[in-house]
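Single-letter residue listing:
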Amino acid sequence: MALVYKLPLSSSLYSANTKQFNTISPKTILCSLRFNATSSSSSPFTEKHSLERYQRDQWIYNNLQQNQPEPICVAALDEDSIRRNDIALQLPELKKLLQVLREKREEKCGEGKGEKCGPGNVYLVGTGPGDPELLTLKAMRVIQKADLLLYDRLVSNDVLDLVGPNARLLYVGKTAGYHSRTQEEIHELLLSFAEAGANVARLKGGDPLVFGRGGEEMDFLQQQGIQVKVIPGITAASGIAAELGIPLTHRGVANSVRFLTGHSRKGGTDPAFVAENEADSDSTLVVYMGLSTLPTLAVKLMHHGLPLNTPAAAIERGTTPQQRYVFAELKDLADKIASAKLVSPTLIIIGKVVSLSPFWPHSKEATCLAETSHAV
């Protein structure tokens, strides 16, 4: 059951009273995080129990007792306890920051100051697939000037290193089985700080309006009278395809491209219910978040007529130094992914254009395909 905290300094927020729990020592939580942190140090992103996240967001844990001995790590805490207690630890500093921002706004636009005393702006910022050099100039400007930045798991560490020195960072990432904040809590945080006059940047990997729930956040805030500005980012499909030399469309090879999420609200965890419409050999299919559902999707695509030898690729952590990938025909792709032990985030590209990549193993086939397409 989600525990929602709302900060009482804002008119839209309420105090935590939805569920009682036993407070766990802050250092016990951090100890548990260390206990669980196995491979996060090699990731370009913020993993769900990353110590890097706590170091980056250390301002929000100023209320921790400093000179206590470190506890002995005996066992890991359950994730729900970590989440609920972590939010509780953040509350004092979040309230304090809200108060500071409110006082700053009142000082700037008080009676006779001549400035409008309205809410701040919220920027939905796309940070691309990971490579910081793929940021737009506008995204860079907002990242460096924002008062508060709420960031997702798939905003790369290299991008977060560009944040201005006086800004506050707050992790609100989600992974399968662990949501550091619910979507409703994220909505309330954005609203609270915007109402206090802050300029808030909501950082999302890729593009904020492509499978990023940015539309929901924009709709919620606009209904509350908060101005929302969207700064598009390079979505994973185009950024990662470009990295591997895969043209998403190509004359005579693919006349359209379709983006598909591997997890659908209507289709549960199985996107295969759309396979019949996606089995088009003249189109490129790009699947986001599709590692767990690819085996079923691939079978259904082939069942509905997509050739078994359709070129395909799966790319883990694309555009980052930790990028890994496999190329295979569609019938073999799931096995190749399993053999390579690819992990999330992995993007899947299916279609004849994959064979145009210089990394496609069947180079003669790709050459023939390209020559045929130019002759059309």
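Looking at an unreviewed UniProt entry, one finds the protein named Uroporphyrinogen-III C-methyltransferase, with Melia azedarach as its source organism.

(A) Quick look at the packing of helix α10 (residues 294–303) against helix α11 (residues 330–340). In contact at an axis separation of 9 Å, α10 and α11 are set at 170° when each is read in the N-to-C sense. Classified by the angle between their axes, α10 and α11 sit roughly antiparallel to one another. Residues L294, P295, A298, L301 and M302 of α10 form the contact with α11, whose participating residues are L330, K331, L333, A334 and I337.

(B) Up close: the nonpolar core. In this structure, V122, L150, L170, F193 and L221 are the most contacted members of the largest nonpolar core, which totals 28 residues. Residue assignment for this core shows that the elements contributing at least two residues are α3 (79–108), β1 (122–126), β2 (148–151), α6 (183–195) and α7 (214–223). Among the elements that make up this core, the one with the highest residue count is α6 (six residues). When residues no more than four places from it in sequence are discounted, the contact partners of V122 are L190, A194, V200, L221, I226, Q227, V228 and K229. By size, the runner-up hydrophobic cluster in this structure holds 20 residues, among which are L297, A298, L306 and L342.

(C) The sheet that holds β2, seen in detail. Strands sit in the order β3-β2-β6-β1-β7 across an open sheet of five strands; the sheet is parallel. With one partner strand each, in any of the chains shown, β3 (168–171) and β7 (228–231) form the two edges of the open sheet. Across the sheet, the mean angle separating the axes of adjacent strands is 20° when strand polarity is ignored. Taken together, the four bridges between β2 and strand β6 (residues 200–204) define a ladder with parallel strand orientation. When the bridges of β6 are listed, Y151 appears paired with L203. Of the strands in this sheet, β1, β2, β6 and β7 are in contact with helix α4 (residues 137–145), which crosses β1 at around 130°.

(D) Region of the structure containing the pairing of β6. Counting buried residues in β6 gives five out of five residues, a clear majority hidden from the surface. The alternating pattern of β6 places V200, R202 and K204 on one face and A201 and L203 on the opposite face, and all of these are buried.

(E) Region of interest: α7. Three or more residues of α7 are buried, namely G214, E217, F220 and L221. Down the axis of α7, the buried side of the element spans an arc of 130°, and every buried residue falls inside it. Against the buried residues of α7 lie β1, α6, β6 and β7. G225 occupies a position one or two residues after α7 and carries a positive phi of about 85°.

(F) Local environment of the packing of aromatic side chains. A complete count under the given rule lists six aromatic pairs for this structure. An angle of 65° between the planes, with centres 5.0 Å apart, marks the rings of F211 and Y288 as edge-to-face. One end of the pair, F211, is in the loop between β6 and α7; the other, Y288, is in strand β9 (residues 283–288), and 77 residues separate them in sequence. On the basis of relative accessible area, F211 is assigned to the partly exposed category, the value being 37%. Overall, the relative accessible area of 9% leaves Y288 in the buried class.

(G) Broad picture of the sheet that holds strand β8 (residues 256–261). Strands sit in the order β8-β9-β12-β10-β11 across an open sheet of five strands; the sheet is mixed. Since the sheet does not close on itself, it has two edges, and those belong to β8 and β11 (324–329), each with one partner. In this sheet, neighbouring strand axes are inclined to one another by 15° on average, regardless of whether the strands run parallel or antiparallel. One ladder, built from three bridges, connects β9 with strand β12 (residues 346–350); its direction is antiparallel. If you follow L285 over to β12, its bridge partner there is I350. In this fold α10 packs onto β8, β9 and β12, with an angle of close to 5° to the strand it touches most, β12. Of the strands in this sheet, β10 (311–316), β11 and β12 are in contact with α11, which crosses β11 at around 150°.

How each quantity is defined
Residues numbered from 1 in each chain as written. Predicted model: local features only at pLDDT ≥ 70, side-chain atom pairs only at ≥ 80, totals over all residues. Heavy atoms only, no water. Axes fitted to C-alpha atoms, helices over the stretch in contact; angles between N-to-C directions. Helix = DSSP H or I, 4+ residues; strand = E, 2+ residues; numbered from the N terminus. Parallel < 35°, antiparallel > 145°, perpendicular 65-115°, else oblique. Contact = heavy atoms within 4.5 Å. Core = buried A, V, L, I, M, F, W, Y, C linked by side-chain atoms within 4.5 Å. Buried < 20%, exposed > 50% of the residue type's maximum accessible area, 1.4 Å probe, protein only. Pairing = 2+ DSSP bridges. Arc of directions from axis to C-beta. Phe/Tyr/Trp six-rings, centres within 6.5 Å; stacked < 30°, edge-to-face > 60°.

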